[in-house]
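# Summary of the model geometry
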Protein chains: 2
Amino acid sequence: MAKPDYHIFVCVQSRPEGHPRGSCGAKSTGALFDAFSQALIQRNLLGRVALTGTACLGPCQAGANVLIYPGAVMYSWVEPQEAAEIIEQHILSGELITDRLTPAELW
Amino acid sequence: MAKPDYHIFVCVQSRPEGHPRGSCGAKSTGALFDAFSQALIQRNLLGRVALTGTACLGPCQAGANVLIYPGAVMYSWVEPQEAAEIIEQHILSGELITDRLTPAELW
């Protein structure tokens, strides 16, 4: 693809059950990644918006985490059903979803 | 960590041997990720520069691929011994390494 206007990084890190840090993968991030993929396809945005799964982004305690460039904007505690809202508001309207931002002490 | 000044994404995607697309993982990306990690530690940059492994970034034929934000700058055919140069030139001097950029038709 050409350089995207936005790049969405979804943490898909898994860790064994009982691991003290937990993981975004354990918080059904597979479903979260799929939800972003579906939301992008439905809005015909795959040519403008890149979507990439990642290893750990850092704030495991606040997972599942989603990081968007430009701007290094991270959203935390993201549920699959919120993917469409993030696409609509952040990507298409250019507005932050302020109540879902990762707390400043974590990112 | 606080929001980083730079975020380096290293593709660590693996695919089975003989897969037609190949993979960055097969091109010793484990060593590449470690090389970036070492280069950042040695320069005391871990507070300013984030490093994250990713799934496929797209241009598999040009792997191993490394993507740096801000700017969505992608470098291709990156070898572990080039990690230090990328840190020095791109991150510390703010200059692109033009002959290692991913070709425009791929990114």
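Residues numbered from 1 in each chain as written. Chains lettered and ligands numbered in written order. Predicted model: local features only at pLDDT ≥ 70, side-chain atom pairs only at ≥ 80, totals over all residues. Heavy atoms only, no water.

Attention now moves to the overall build of chain A. In terms of helices and strands, chain A carries two helices and four strands. Going residue by residue from the N terminus, the α and β elements of chain A occur as β-α-β-β-β-α. For 107 residues, the compact-globule estimate of 2.2 N^0.38 gives 13 Å, and chain A sits close to it at 13 Å. Expressed along its principal axes, the backbone C-alpha trace of chain A runs to roughly 40 × 25 × 25 Å. Looking at chain A as a whole, 47% of its 107 residues are labelled buried. Taking contacts inside chain A between residues at least 6 apart in sequence as the whole, the part at least 24 apart equals 63%. Mean positive and mean negative side-chain charge positions of chain A (7 and 10 charges, respectively) differ by 8 Å. (Helix = DSSP H or I, 4+ residues; strand = E, 2+ residues; numbered from the N terminus. Rg over C-alpha atoms; globule rule 2.2 N^0.38 Å. Buried < 20%, exposed > 50% of the residue type's maximum accessible area, 1.4 Å probe, protein only. Contact = heavy atoms within 4.5 Å. Lys, Arg positive; Asp, Glu negative; His and termini not counted. Charge placed at Lys NZ, Arg CZ, Asp CG, Glu CD.)

On to the interface of chain B and chain A, then. Facing the 19 residues of chain B at the interface are 19 residues of chain A. The contact between chain B and chain A buries some 1,400 Å² in all, and 66% of this surface belongs to carbon and sulfur atoms. Looking at the side of chain B facing chain A, the largest losses of area belong to Lys-3, Tyr-69 and Trp-107 of chain B, adding up to 39% of the total buried there. The interface formed by chain B and chain A includes zero salt bridges. (Buried area = accessible area lost by both parts, 1.4 Å probe. Salt bridge = Lys/Arg side-chain N within 4 Å of Asp/Glu carboxyl O.)

Take the relation of the copies chain B and chain A next. Mapping chain B onto chain A is achieved by rotating through 180° and translating by 0.0 Å along the same axis, at an RMSD of 0.0 Å. The transformation relating the two chain copies, once decomposed into turn and shift, fits a two-fold axis. Closest approach to the rotation axis within chain B is made by the C-alpha atom of Thr-54 of chain B, at a distance of 2.1 Å. Interface residue correspondence from chain B to chain A reaches 100%, placing this contact among same-surface, isologous pairings. (Least-squares fit on C-alpha atoms with pLDDT ≥ 70 in both.)

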